[in-house]
Amino acid sequence: MNKSELLNKIDQLRDAAENFEGYEKFAAKDDISNLKIKVNSMIISDIANKMSSISLPEIEDMDDQIKLANDAIESNESRVSAFNSAYGFLKNALGIVL
């Protein structure tokens with residue numbers, strides 16, 4: 001994994017953190033920002049050393065968490081769409097009755 005791939009993963013984590021609320025969102029975004037600053041300031045050998053210390057399951061877990069966050073976004077959009085459809089139906093039904 002090179003520096004740009006690592007930065008892309010960090011951006012995906014930042015996007016996933018948008019789903020958190022309150023302090024949890026603030027803390028996650030702060031941690032992610034600090035990680036991005038550290039990665040941007042590292043030289044290639046530092047990145048290689050850091051990457052060798054990260055075990056593969058942790059990266060897989062990050063990918064799983066990103067997928068779960070994206071699935072949650074899709075699920076939420078589906079619920080909002082269903083609610084809006086039901087609201088529109090009720091609004092039309094009440095308009096016909098009145």
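Quick note: structure is the one above.
Right, let's walk through the structure included here. Quick caveat: nothing in here was measured; it's all calculated off a predicted structure. (Residues numbered from 1 in each chain as written. Predicted model: local features only at pLDDT ≥ 70, side-chain atom pairs only at ≥ 80, totals over all residues. Heavy atoms only, no water.)

This brings us to the overall build of the protein. Helices and strands together make up the secondary structure of the protein, namely 4 helices and 0 strands. Listing each helix as α and each strand as β along the protein from the N terminus yields α-α-α-α. Principal-axis analysis of the C-alpha atoms gives the protein an extent of 75 × 25 × 20 Å. Counting all 98 residues of the protein, 15% fall into the buried class. The contacts in the protein between residues at least 6 apart in sequence include a share of 62% that link residues at least 24 apart. When the accessible area of the protein is evaluated, it comes to approximately 7,600 Å², of which 58% is carbon and sulfur surface. (Helix = DSSP H or I, 4+ residues; strand = E, 2+ residues; numbered from the N terminus. Buried < 20%, exposed > 50% of the residue type's maximum accessible area, 1.4 Å probe, protein only. Contact = heavy atoms within 4.5 Å. Areas by Shrake-Rupley, 256 points an atom, 1.4 Å probe, with all protein chains shown as cover.)

This part covers the environment of Lys 50. Considering the arrangement of structural elements, one finds Lys 50 in helix H3 (residues 44-53). In this structure the C-alpha to C-alpha distance between Lys 50 and Asp 64, which are 14 residues apart in sequence, comes to 21 Å.

Another point: the nonpolar core. One finds Leu 6, Leu 7, Ile 10, Ala 17, Ala 28, Ile 32, Val 39, Met 42, Ile 47, Met 51 and Ile 59 forming the largest nonpolar core, which totals 11 residues. Looking at this core, the elements that each hand over two or more residues are helix H1 (3-17), helix H2 (22-41) and H3. No other element matches the 4 residues that H1 contributes to this core. Leaving out residues up to four positions away in the same chain, Ile 10 has contacts with Ile 32, Leu 35, Lys 36 and Val 39. (Core = buried A, V, L, I, M, F, W, Y, C linked by side-chain atoms within 4.5 Å.)

Given a rise of 1.5 Å per residue, 20 residues ought to cover 28 Å, and the 29 Å separating the end C-alpha atoms of H2 matches this to within 8%. Of all the positions in H2, only Ala 28, Ile 32 and Val 39 are classed as buried. With its buried residues spanning 30° around the axis, H2 presents them on a single face. When the buried face of H2 is taken as reference, the exposed residues oriented beyond 90 degrees from it are Gly 22, Tyr 23, Phe 26, Ile 37, Lys 38 and Ser 41. (Expected span 1.5 Å × (residues − 1). Arc of directions from axis to C-beta.)

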